Amino acid sequence: MAQRASKKSADPAANQESAQVVKDLHERMVRIRLFETEAGKLMEAGRLPGFLHLYVGQEAVAAGVMAALRDDDQITSTHRGHGHAVAKGVGLREMYAELYGRVTGACLGRGGSMHINDLTRGMLGANGIVGAGVPIAVGAAFAARYKGEDSVAVTFFGDGATNIGAFHEGANMAAILGLPVVFVCENNGYAEFTPQSGHMLLTDVADRAAAYGMPSVIVDGMDALAVHRAAADAVARARAGAGPMMIEAKTYRFYDHQGVKGLRHPYRSAEEVAEWKARDPIDLLEARAVADGTATRAELDDVWQRTRDEIAEAIAYAEASPLPDPADLLLNVYSG
Amino acid sequence: MTDVAVEVLLPKIGLSMQEGMIDEWLVVTGAVVAEGDALLRLATDKVDVDIEAEAGGIFHPVVPAGTTVPAGALIGWLLAEGEQPPDPGGTPMPAGPGAGPAAVEPVRVVAASAVPTPSGAANSPNGSAAPRGADGRLLSSPNARRVAAAADVDLTAVRGTGPGGRILSEDVEEFLADFPRGLVAPAPPSASVSPLVRKLAKERGIDLSEVNGTGPGGWIRRADLEAVTPTPAPTPAPTPVRPGAEPQAGDVLPLTGMRGTIARRMHASLQEMAQLTHGYEVRMDAVVSLRERLKEEWADGDLPVPSLNDFLLKAAALALRRHPLLNATVREDGIHLLGDIHLGFAVAVPGGLLVPVIEDAEALPLPEIARRSRALAEAAREGRISPALLEGATFTVTSLGGYGVDFFTPVINTGNVAILGVGRLKDGVEWVDDRPVRTRVLTLSLTFDHRAVDGAPAAEYLRTVGELLRKPLRLLV
Amino acid sequence: MTIVKEAPAAAPNVVARKLTYVKAFNEGLAQAMREDENVFVAGEDVAGYGGVFRMFDNLLDEFGPRRMIDTPISEAALVGLGVGAAARGLRPVVDLMFMDFIGVCLDQIVNQAAKMKYMFGGALSVPLTITTASGAGLGAAAQHSQSLEAWLAHVPGLKVVMPSDAYTAKGLTVSAIRDDNPVVVMLNKVLLGSTSEVPEEIYGIPLGQAHTARQGSDVTVIALGRMVGEALAAADELAAQGVEIEVIDPRTVQPLDTETMFASVRRTNRVLVVHEAVTFGGLGAEIAAQIQDAAFDHLDAPVLRIGAPFSPVPFSPVLEKAYVPDRARIAEGCRRLLERS
Ligand SMILES: Cc1ncc(C[n+]2csc(CCOP(=O)(O)OP(=O)(O)O)c2C)c(N)n1
Ligand SMILES: [Mg+2]
């Protein structure tokens with residue numbers, strides 16, 4: 001029986017982290033940030049069809065968790081899934097090509113933003129249905145244990161998603177079956193335009209883990225190292241067969257729910273947004289790295305530049321890619 | 001499946017059929033057939049058709065393929081499981097007229113629903129006969145069937161223009177515009193009848209369309225039949241004509257089917273009548289120039305421009321009104337002058353000749369005659385003409401002008417007293433004062449039965465025709 | 001109690017102006033809320049935000065948080081809330097942002113709302129309205145683009161309406177709210193900004209009554225939802241070629257006004273049914289079956305169905321365009337029905 005773990009805030013002993021990890025986290029975050037800001041620009045320029053739920057501001061969560069995972073560990077994601085995919089190592093070319101609806105895309109142009117996946121990277125898919133990824137991760141973890149593998153499954157979900165049945169049923173199922181699942185709640189304080197206080201009475205989503213006898217931990221979701229430490233613990237625990245655990249990362253999205261700028265209805269105050277932006281997760285990590293000598297400014301700038309080039313190349317690749325052929329409309333509806 | 005032996009009788013198709021040859025059995029002995037399955041291919045004087053089983057059962061032929069039997073003769077049995085044919089000796093054998101065992105009291109069923117053979121058949125000259133599905137089924141839309149039934153149209157005579165040649169309601173409507181009447185398609189018994197009731201009705205000679213159904217939705221129950229006094233059996237379904245094959249040297253052409261009929265009729269005609277022929281040249285200039293004008297003025301296609309033959313048909317018909325002696329039939333009790341003028345016109349078809357009939361021709365405006373003659377000739381050549389349209393001519397026009405013949409001695413169709421032959425349109429000469437003027441002429445060949453018509457009235461008739469052709473405006477209306 | 005008042009659209013004193021589909025819906029809803037104090041609205045971001053499609057704009061201001069309720073992302077509880085409240089005499093309007101989300105609350109719709117009156121021996125009614133946005137065409141991909149009317153129309157106890165323009169968006173919504181049964185109002189996402197004449201006053205459009213949107217003699221086109229507009233566009237194109245098609249908008253797919261269809265088919269003898277949903281097992285199958293049953297003898301061609309291929313809605317615009325039926329396919333279908341050699 002899983003013990004109820006007391007919530008603890010992240011231990012600030014980040015100096016212990018190896019420079020290796022810091023650089024890894026930094027690179028993943030920069031990749032996400034640039035991928036998203038460019039995607040946002042393309043969307044605003046009318047070049048991308050469909051919906052786009054951007055991840056800007058929440059990079060520390062995806063980076064921190066993914067840096068603790070192996071390639072064979074599986075993740076399930078959400079409608080806001082680009083960050084998870086990038087951090088898990090899905091190719092930027094395939095991702096942009098998917099956003100463009102090209103046949104070279106991650107879903108062959110069939111899925112778009114909300115369905116990006118890559119089995120070779122253990123990315124079991126973004127999801128258009130809130131909460132739907134949770135039980136799927138439970139099933140992936142079940143399969144790993146069934147096959148005698150020691151991989152784990154991580155499911156990402158928002159604060160709002162914890163109000164849906166699938167989350168609760170999935171959490172209880174993982175707990176009672178003792179499966180190697182890590183539940184990562186990215187609490188950005190809002191479900192679409194409704195603040196957390198408008199959709200649940202709890203302050204901490206992590207409290208919900210207790211209902212299923214699952215330990216939980218709360219971390220500063222703008223602190224990549226803190227997220228990473230918590231994730232590493234939870235993953236190690238799960239891999240060791242100690243069952244599921246929940247991490248609640250308090251974070252914030254800098255863009256609107258969908259797209260870049262909210263068109264209307266100031267559901268968040270300017271001060272609130274500014275306050276959170278002042279704690280930009282990338283700035284925080286960079287400041288710390290430069291301060292403690294883990295990396296030089298030049299090294300960090302080099303990461304930005306290299307990534308920019310890579311992003312530009314990926315976009316060019318996507319734009320040059322062919323469109324799917326309507327003759328193939330029935331492709332992949334069934335197996336065999 | 002039957003529960004009692006059902007006789008299969010050779011159906012009489014069309015009014016004039018006397019006998020038919022079983023061209024081919026389409027099912028083998030002992031095969032289980034369902035009602036509506038094609039049972040045999042029948043060759044008659046006019047048509048080759050597939051005959052459907054009127055009931056289900058185990059098939060047992062009485063006569064072999066190739067046998068010619070009179071209409072109404074017993075040709076086979078549809079038996080119940082384990083049942084023997086009523087005549088134990090009745091295994092396949094040639095059966096003469098009236099042949100038919102009567103060991104048990106069988107239900108008599110005439111195999112009457114005729115279906116033309118599939119258009120893919122080798123003897124179909126152009127493959128464009130009646131529309132057929134791959135299985136040989138007549139393709140027609142439900143609405144076409146509804147419209148056809150309401151107007152008594154025989155669908156086998158209608159040309160389908162829908163996908164795969166399916167007959168559409170539009171096709172039926174257009175057909176009706178061409179042939180507003182004179183079609184004898186017996187209304188099929190209402191669908192709301194069980195096979196048993198249908199069988200009983202047949203047996204008792206009851207026309208099901210006259211029966212009041214008291215079951216749900218007008219369903220005719222067995223009891224409903226009791227309330228009806230039998231009426232004569234309905235006319236069998238008319239069937240389309242199938243042209244014969246292109247003959248080749250070395251062939252022996254059987255004197256059966258259409259060929260046999262022609263042989264029999266022509267011989268009978270010459271044997272029983274006293275035929276002689278007048279030749280008579282008529283001026284065609286007015287007709288030719290009127291046609292040229294019509295070609296120009298009616299170029300929009302709303303009205304069909306009448307052919308030379310159409311003018312002749314109309315002239316022949318109008319002249320008959322003035323000379324009723326030539327529109328007659330000779331019977332034992334005397335010469336019957338006929339009230340209606342129904343013009344037959346000969347159409348050469350592969351393997352023979354067909355004579356479609358335009359009813360009341362003298363009353364029809366010329367464009368209407370043109371429309372009908374065209375549609376009838378096309379239907380005849382395509383082998384999808386209803387036999388009903390080949391019946392009842394009171395006078396015939398036949399043309400060999402197209403073959404370059406000037407004068408000939410046409411043979412009168414049995415039952416008529418005269419036939420008008422039309423020769424080649426050619427140049428003639430007329431002297432105006434001392435100048436020769438080029439004219440257009442053709443020679444009419446009128447064969448008449450001297451038993452009924454003398455030479456002078458025959459010549460009068462020809463003169464009238466000639467006058468009408470000189471002043472052709474009268475023919476237009 | 002069901003009051004159905006058809007708009008006196010022809011009457012001169014009725015002020016009709018052009019309104020967008022979404023505004024017409026909003027106006028009808030607001031008027032129904034004014035008409036009946038028991039009407040309230042619940043859904044995700046419907047109150048404070050006014051709905052992600054602006055369907056509920058300004059309603060919070062007028063009706064306050066008592067009657068405009070933002071709910072957590074809990075569709076099963078949301079519909080269940082509506083069922084329970086309806087069983088206790090209220091007239092809830094619950095909003096499922098995207099029709100695809102009925103997947104997470106199907107039990108409440110199918111097993112609860114639809115069957116409750118029956119199971120209670122008629123002792124209660126469930127005057128519940130479920131509003132939802134359906135349809136493809138916006139690059140919203142497989143989980144945000146479906147037209148699932150056939151799922152719901154298959155369930156005894158439910159009613160399903162599919163507004164095809166602003167006028168019907170208002171009138172059908174009002175009738176859905178006034179109706180004593182659970183009614184699903186399938187708004188179409190692509191039509192939200194489209195405009196048509198809409199009377200200012202409140203009016204209902206009778207449920208289960210089809211509308212002949214255009215008269216014609218050659219082919220009957222029965223079109224659902226957004227396909228009505230496509231069919232009318234096809235009709236213009238065909239008219240220029242001398243083909244007159246009749247366009248029937250069933251408006252309600254459950255109950256389905258088949259009599260109007262039959263009468264039309266008996267005149268035209270040819271039918272095409274078009275909907276956005278996949279062809280297999282779609283409403284077209286039901287309509288085709290009923291027509292062959294009632295008007296078989298009047299058909300000159302098999303009933304033609306046009307719908308989506310049997311695949312999820314694809315994302316890429318080139319695929320989505322090929323996937324969703326349009327005026328060109330409708331016109332081509334009509335020509336095919338009329339083909340003669
Ligand atoms: C079952 C379901 N209901 C509603 C939605 C519409 N929707 C998409 S995202 C979203 C908000 C999700 O909030 P949260 O889980 O906190 O994630 P965030 O957007 O904040 O990342 C909603 C309501 C959906 N996609 N699926
Ligand atoms: Mg959130």
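Everything quoted here is computed from the prediction, not taken from an experiment. (Residues numbered from 1 in each chain as written. Chains lettered and ligands numbered in written order. Predicted model: local features only at pLDDT ≥ 70, side-chain atom pairs only at ≥ 80, totals over all residues. Heavy atoms only, no water.)

1. Observations concerning the overall build of chain A
Let me state the cut-off plainly: Put simply, DSSP H or I for four residues or longer makes a helix, DSSP E for two residues or longer makes a strand, and each gets a number counted from the N terminus. With a 1.4 Å probe rolled over the protein chains alone, any residue whose accessible area is under 20% of its type maximum counts as buried; one over 50% counts as exposed, and the rest are partly exposed. Residue contacts are counted whenever heavy atoms from the two residues lie within 4.5 Å of one another. When charges are tallied, Lys and Arg are placed among the positive residues and Asp and Glu among the negative ones, while His and the ends of the chain are skipped. One atom stands in for each charge, and that atom is NZ of Lys, CZ of Arg, CG of Asp or CD of Glu.
Of regular secondary structure, chain A possesses 12 helices and 7 strands. Dimensions of chain A, computed from the C-alpha atoms along their principal axes, are close to 55 × 55 × 40 Å. Evaluated residue by residue, chain A yields a buried proportion of 57% over its 336 residues. Long-range pairs, those at least 24 residues apart, make up 75% of the contacts in chain A between residues at least 6 apart in sequence. Treating the 33 positive side-chain charges of chain A as one cloud and the 43 negative ones as another, the clouds have centres 2 Å apart.

2. With respect to the interface of chain C and chain A
Applicable threshold: When two parts are put together, the accessible area they lose, computed with a 1.4 Å probe and summed over both, is reported as buried area. Salt bridge criterion: a side-chain nitrogen from Lys or Arg within 4 Å of a carboxyl oxygen from Asp or Glu. Polar contacts, as counted here, are pairs of nitrogen or oxygen atoms within 3.5 Å of one another; within protein the pair requires one atom able to donate a hydrogen and one able to accept it, and residues that are adjacent in sequence qualify only if both atoms are side-chain atoms.
Across the contact, 34 residues belong to chain C and 35 residues belong to chain A. Contact between chain C and chain A buries roughly 2,900 Å² in total, counting both sides, with carbon and sulfur atoms accounting for 68%. When the buried surface of chain C facing chain A is broken down by residue, Tyr49, Ile73 and Phe315 of chain C rank first, second and third, together holding 24% of it. Counting across the chain C and chain A interface gives 0 salt bridges. On the surface where chain C and chain A come into contact, there are 10 residue pairs in polar contact (both at pLDDT 80 or more). Among the secondary structure elements, those contributing two or more residues to the side of chain C that touches chain A are β4 (91-98) and α11 (317-323) of chain C.

3. Describing the site of ligand 1
The test is simple: One heavy atom within 4 Å of a molecule or strand is enough for the residue carrying it to be called near that molecule or strand. We get accessible surface area from the Shrake-Rupley algorithm with a probe of 1.4 Å; when it comes to residues, only the shown protein chains can shield them.
Around ligand 1, 21 residues are found, and the nearest of them are His79, Arg80, Asp159 and Asn188 of chain A together with Glu75 of chain C. Residue neighbours of ligand 1 fall on chains A and C, so the site bridges chains. One of the backbone nitrogen or oxygen atoms of Val130 of chain A is found 3.0 Å away from a nitrogen atom of ligand 1. Residue Asn188 of chain A places a side-chain N or O atom 2.8 Å away from an oxygen atom belonging to ligand 1. When ligand 1 sits alone it has 570 Å² of accessible area, and the protein chains cover 97% of it.

4. A closer look at the nonpolar core
Most often, soluble globular proteins have nonpolar side chains that are buried together. For clarity, the threshold we go by: Buried residues of nine kinds, namely Ala, Val, Leu, Ile, Met, Phe, Trp, Tyr and Cys, make up a nonpolar core once their side-chain atoms join them within 4.5 Å.
Formed by 76 residues in total, the largest nonpolar core has its most connected members in Val65 and Tyr96 of chain A. In terms of residue count, the dominant contributor to this core is helix α1 (residues 19-44) of chain A (10 residues). Ignoring anything within four residues of it in the chain, the contact list for Tyr96 of chain A reads Leu34, Phe35, Glu38, Ala39, Leu42, Ile311, Ala314, Ile315 and Ala318 of chain A. Among the nonpolar cores identified, the runner-up in size contains 71 residues, and Val347, Ala375, Leu420 and Leu462 of chain B belong to it.

5. Some details on helix α2 (residues 59-66) of chain A
Most of α2 of chain A sits out of view: 8 of its 8 residues are buried. The set of residues buried in α2 of chain A consists of Glu59, Ala60, Val61, Ala62, Ala63, Gly64, Val65 and Met66 of chain A.

6. Here's the deal with the coordination of the magnesium ion (ligand 2)
Residue and element names in this part refer to chain A. Rules: Listed donor atoms are N, O and S within 2.8 Å of the metal (Na, K and Ca: 3.2 Å). As water is not included, a site may look incomplete.
Within the protein, the magnesium ion (ligand 2) binds to Asp159 (OD), Asn188 (OD1) and Tyr190 (O); these donor distances fall in the range 2.0 to 2.1 Å. Linear spacing of the donor residues for the magnesium ion (ligand 2) on their chain is D-x28-N-x1-Y. Remark: Tyr190 occurs in strand β4 (residues 190-191) and Asp159 occurs in the loop between β2 (153-158) and α6 (165-177); sequence separation between them is 31 residues. Using a relative accessible area of 1% as the deciding quantity, one classes Asp159 as buried. In this structure Tyr190 comes out as buried when scored by relative accessible area, which is 9%.

7. Topic: empty space enclosed by the protein
All names here are of chain C. The cut-off we apply is this: Cavity: a set of points on a 1 Å grid over the protein atoms alone where a 1.4 Å probe fits but cannot get out. Pocket: an open set with protein on both sides within 12 Å along at least five of seven lines, its lining residues, like those of a cavity, having an atom within 4 Å of a point. Grid points are joined across faces, edges and corners, and a volume is the space filled by probe spheres set on the points.
Overall, the coordinates contain 7 cavities of 30 Å³ or more when judged by the stated rule. In this structure, the second largest cavity occupies an estimated 70 Å³ of space. Secondary structure elements with two or more residues in the lining of the second largest cavity: β7 (183-188) and β13 (271-278). Among the elements that make up the lining of the second largest cavity, the one with the highest residue count is β13 (3 residues).

8. Regarding the confidence of the model for chain B
All names here are of chain B. Applicable threshold: Per-residue confidence from the predictor is reported as pLDDT, which spans 0 to 100.
With 77% of its residues at a pLDDT of 70 or more, chain B has an overall mean of 77. Segment residues 88-130: pLDDT under 50, and 108 contacts once partners within four positions in sequence are set aside and those in other chains are kept. Predicted complex metrics record ipTM = 0.92 and pTM = 0.72.

9. Thoughts on the sheet that holds strand β3 (residues 181-187) of chain A
All names here are of chain A. For clarity, the cut-off: Only strands that DSSP links by at least two bridges are regarded as paired with each other. Angles here are taken between N-to-C directions and fall from 0 to 180 degrees, while the axes themselves are lines fitted to C-alpha atoms, restricted in helices to the stretch in contact.
With parallel pairing, 5 strands are arranged side by side in an open sheet as β1-β2-β3-β7-β6. Two strands in the sheet have a free side with no partner beyond their single neighbour: β1 (74-76) and β6 (216-220). Strand after strand, the sheet turns through a mean of 20° between neighbouring axes, direction not considered. On top of the sheet, α6 reaches β2, β3 and β7 (245-250); it is set at about 150° to β3, its chief contact.

10. Some details on the environment of Asn26 of chain C
For Asn26 of chain C, the location among the structural elements is in helix α1 (residues 21-35). Taking the relative accessible area as the measure of exposure, Asn26 of chain C reaches 14% and is therefore buried.

11. Regarding the packing of α1 of chain A against helix α11 (residues 281-291) of chain A
Axis angle and axis distance: for two packed helices, these are the angle between their axes and the distance between the axes, and together they describe the pair. Residues and elements named next belong to chain A. Test applied: Roughly parallel here means an angle under 35 degrees, roughly antiparallel means over 145, roughly perpendicular means 65 to 115, and every remaining angle is called oblique. Throughout, a crossing is termed right-handed when the near helix is turned clockwise from the far one, and left-handed when it is turned anticlockwise from it by less than a right angle. The classification used treats Ala, Val, Leu, Ile, Met, Phe, Trp, Tyr, Cys and Pro as nonpolar, Asp, Glu, Lys and Arg as charged, and all other residues, Gly among them, as polar.
α11 packs onto α1 with a crossing angle of 150° between their chain directions and a minimal axis gap of 10 Å. The orientation of α1 with respect to α11, classified from their angle, is roughly antiparallel. Crossing of α1 against α11: the hand is left-handed. Within the contact between the two elements, α1 uses Val22, Leu25, His26, Met29, Val30 and Arg33 and α11 uses Pro281, Ile282, Leu285, Glu286 and Ala289. Looking at the contact of α1 with α11, its residues break down into 8 nonpolar, 1 polar and 2 charged.

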